[in-house]
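Next come the chains, spelled out residue by residue.
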Amino acid sequence: MRNELRQLTPPNFSTYSAGMDNEFDALENKVAEVAEVCRQLRAENARLREQIAAADAEKKRLAQSMEAARSRLETLLSQMPQGTEA
């Protein structure tokens, strides 16, 4: 009798197991879907970080190019003769 009191679910209770198996299968599928979405988002995040780094490098290169052009223009302007006032 002592063993009977400790047992919470009878061993022949098959509907509990089948129903729970279906729920666990559905949950397992949902967790797998979430894990896949997470992997995809991490990959996209890595690609976006690479694009940002490339854009930052291009921005720096363009800024240097503009600064060089500004410097050349200032040099040319300083070399131009001043107009005479009448």
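Because the structure is a prediction, the values reported are computed rather than measured.

Enquirer: Even after reading the chapter, I still don't get the overall build of the protein chain, so can you show me in this structure?
Expert: A tally of regular secondary structure across the protein chain gives two helices and zero strands. Within the protein chain, the fraction of its 86 residues that count as buried is 0%.

Enquirer: Which parts of the structure should I look at to understand a nonpolar patch on the surface?
Expert: Residues Phe24, Leu27 and Val31 make up a contiguous nonpolar surface patch of about 300 Å² in total accessible area. Inspection of the secondary structure puts Leu27 in helix α2 (residues 14-79).

Enquirer: What's the story with the pattern of salt bridges in this structure? I'm lost.
Expert: Any two side chains of opposite charge can pair, on the condition that their charged atoms come close. Evaluated as defined, the whole model comprises four salt bridges. Across the salt bridge formed by Arg70 and Glu74, the nearest N and O atoms sit 2.3 Å from each other. Of the two residues, Arg70 and Glu74 are both situated in helix α2; the distance of four residues between them amounts to about one turn of the helix. For Arg70, a relative accessible area of 38% translates into the label partly exposed. Beyond isolated ion pairs, a larger network of salt bridges with shared partners links Glu67, Arg70 and Glu74.

Conventions adopted
Residues numbered from 1 in each chain as written. Predicted model: local features only at pLDDT ≥ 70, side-chain atom pairs only at ≥ 80, totals over all residues. Heavy atoms only, no water. Helix = DSSP H or I, 4+ residues; strand = E, 2+ residues; numbered from the N terminus. Buried < 20%, exposed > 50% of the residue type's maximum accessible area, 1.4 Å probe, protein only. Patch = residues over 30% accessible without salt bridge, like charges linked within 9 Å, V, L, I, M, F, W, Y side chains within 5 Å. Areas by Shrake-Rupley, 256 points an atom, 1.4 Å probe, with all protein chains shown as cover. Salt bridge = Lys/Arg side-chain N within 4 Å of Asp/Glu carboxyl O.

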